[in-house]
Amino acid sequence: EVQLVESGGGLVQPGGSLRLSCAASGFTFSSYAMSWVRQAPGKGLEWVSNINSGGDITSYVDSVKGRFTIARDNAKNTLYLQMNSLKPEDTAVYYCYFHKVLINRHYWGQGTQVTVSS
């Protein structure tokens, strides 16, 4: 059974930092690109960042470029999102996500709440 378990969210002041983690199990983690997706209160899903299976190719939505860093440890089956210089508009539930293209199935974690507020 595929499981994605996020952790690391919380309340932080503007300008602060958090590191999110996503522990993966039930599939060959090192074979899949992984993403972080977020949903702000009252808004739709927004893709935040992506990393390829090998961990050497990354991409980001413009609003987080230069502030967030995605990374993965394939030996630990874990995905990370380092978030620096946080802004109130980063407040959202952050989800770990991947897509098994061959069987067209999408997998999400339960999400972790990030709140940026003074």
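Look above for the structure.
Residues numbered from 1 in each chain as written. Predicted model: local features only at pLDDT ≥ 70, side-chain atom pairs only at ≥ 80, totals over all residues. Heavy atoms only, no water.

Undergrad: How would you summarise the pattern of salt bridges if you had to cite specific residues and measurements?
TA: A complete count under the given rule lists four salt bridges for this structure. Between Arg38 and Glu46 there is a salt bridge whose closest N-O contact spans 2.7 Å. Counted as one network, the salt bridges with shared partners bring together Arg38, Glu46, Arg67 and Asp90. (Salt bridge = Lys/Arg side-chain N within 4 Å of Asp/Glu carboxyl O.)

Undergrad: Can you lay out the sheet that holds strand S3 (residues 18–25) for me, pointing to particular residues and giving the numbers?
TA: Strand order across the open sheet formed by four strands is S1-S3-S8-S7, with antiparallel pairing between neighbours. Lying at the two open borders of the sheet, with one neighbouring strand each, are strand S1 (3–7) and strand S7 (68–73). The mean inter-strand angle of the sheet, taken between neighbouring strand axes irrespective of direction, is 15 degrees. In the sheet, S3 pairs with strand S8 (residues 78–83) via six bridges, with the strands oriented antiparallel. Residue Leu20 lies in a different strand from S8, and its bridge partner there is Leu81. (Pairing = 2+ DSSP bridges. Helix = DSSP H or I, 4+ residues; strand = E, 2+ residues; numbered from the N terminus. Axes fitted to C-alpha atoms, helices over the stretch in contact; angles between N-to-C directions.)

Undergrad: Account for the pairing of strand S10 (residues 105–108), naming residues and giving values.
TA: Across four bridges, the pairing between strand S9 (residues 92–100) and S10 is antiparallel. Each residue of the ladder has a partner; that of Phe98, found in S10, is Tyr107. Between S9 and S10, which follow one another and run antiparallel, lie four residues, and Asn104 among them has a positive phi close to 50 degrees.

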